[in-house]
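A look at the structure
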Amino acid sequence: MATPSAERSPSGLFRMAAWEGDMERRHAQLPRWYWDRAQRHRQFARWVEAEADGMAMQLARHLRPDTPPETAGAVLRTVELLARDAEWARHTDEQPAERAA
């Protein structure tokens, strides 16, 4: 598993560089906050939290009592990784702005 940093989530699934690339492709004019590093880190953390929580919920809703154990195990492990990423993002977003630098 990747080492947590301000640039990626603990699982390594969510990377700031990928989020920045998406932002730059989607917006003809980037929001003002994008040029402030601390604000950009906060927005990245919020995005990670929303994405990780959403993906975890989507995966978990497909588990049923008759789901094969090997599939259920893999899904549960992924849901746990996503939950850890969401928790990391919540904690990161709560930190003072100077820590994001």
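Our subject is the structure listed above.
Criteria and cut-off values
Residues numbered from 1 in each chain as written. Predicted model: local features only at pLDDT ≥ 70, side-chain atom pairs only at ≥ 80, totals over all residues. Heavy atoms only, no water. Phe/Tyr/Trp six-rings, centres within 6.5 Å; stacked < 30°, edge-to-face > 60°. Lys NZ or Arg CZ within 6 Å of the ring centre and 35° of its normal. Helix = DSSP H or I, 4+ residues; strand = E, 2+ residues; numbered from the N terminus. Expected span 1.5 Å × (residues − 1). Buried < 20%, exposed > 50% of the residue type's maximum accessible area, 1.4 Å probe, protein only. Contact = heavy atoms within 4.5 Å. Polar contact = N/O pair within 3.5 Å; in protein donor to acceptor, adjacent residues only side chain to side chain. Lys, Arg positive; Asp, Glu negative; His and termini not counted. Salt bridge = Lys/Arg side-chain N within 4 Å of Asp/Glu carboxyl O. Axes fitted to C-alpha atoms, helices over the stretch in contact; angles between N-to-C directions. Parallel < 35°, antiparallel > 145°, perpendicular 65-115°, else oblique. Nonpolar A, V, L, I, M, F, W, Y, C, P; charged D, E, K, R; others polar. Left-handed = near helix turned anticlockwise from the far one by under 90°. Core = buried A, V, L, I, M, F, W, Y, C linked by side-chain atoms within 4.5 Å.

Here the focus is the packing of aromatic side chains. Across all of its chains, the model carries eight aromatic pairs by this definition. Its end group placed over the ring of tyrosine 34, arginine 40 keeps NZ or CZ at 5.3 Å from the ring centre.

Here we come to helix 3 (residues 69–94). The terminal C-alpha atoms of helix 3, which comprises 26 residues, lie 37 Å apart, in line with the 38 Å expected from a rise of 1.5 Å per residue. Buried within helix 3 we find Ala72, Val75, Val79, Leu81, Leu82, Asp85, Ala86, Trp88 and Ala89. Contact partners of the buried residues in helix 3: helix 2 (37–60).

Its 24 residues place the ends of helix 2 34 Å apart at the C-alpha level, agreeing with the 34 Å of an ideal helix rising 1.5 Å per residue. Where helix 2 is concerned, the buried positions are Ala38, Arg40, His41, Arg42, Phe44, Ala45, Val48, Ala52 and Ala56. A side-chain oxygen of the first residue of helix 2 lies 3.1 Å from the backbone nitrogen of alanine 38; this N-cap is aspartate 36.

Summarising the element assignment, aspartate 85 is placed in helix 3. Despite its burial, aspartate 85 pairs with no opposite charge; the closest candidate is arginine 84, at 7.1 Å N-O. With residues near it in sequence (within four places) discarded, aspartate 85 still touches Ser9, Pro10, Ser11, Leu13, Phe14, Val48 and Ala52.

With their axes 11 Å apart at the nearest point, helix 1 (residues 16–26) and helix 2 run at an angle of 100° to one another. Taken together, the axis directions place helix 1 and helix 2 in an arrangement best described as roughly perpendicular. Residue-level contacts link Met16, Trp19 and Glu20 of helix 1 to Arg40, His41, Gln43, Phe44 and Trp47 of helix 2. Of the residues in the contact of helix 1 with helix 2, the class split is four nonpolar, two polar and two charged.

Once that is clear, we can look at the packing of helix 2 against helix 3. With their axes 8 Å apart at the nearest point, helix 2 and helix 3 run at an angle of 155° to one another. Judged by the angle between their axes, helix 2 and helix 3 are roughly antiparallel. In the crossing of helix 2 with helix 3, the sense of the turn from one axis to the other is left-handed. Contacts from Arg42, Phe44, Ala45, Arg46, Val48, Glu49, Ala52, Asp53, Met55, Ala56, Leu59 and Ala60 in helix 2 reach Val75, Thr78, Val79, Leu82, Asp85, Ala86, Trp88, Ala89, Arg90, Thr92 and Asp93 in helix 3.

Attention now goes to the nonpolar core. When a protein is soluble and globular, its nonpolar side chains tend to lie buried together. Grouped together as the largest cluster of nonpolar side chains are 17 residues, with contacts concentrated most on Trp19, Phe44 and Val48. Those elements giving two or more residues to this core turn out to be helix 1, helix 2 and helix 3. Here the element with the most residues in this core is helix 3; it accounts for six residues.

Another aspect to go through is the environment of arginine 46. Looking at where arginine 46 falls in the secondary structure, it is placed in helix 2. Taking the C-alpha atoms as reference points, arginine 46 and alanine 89, separated by 43 residues in sequence, lie 6.5 Å from one another.

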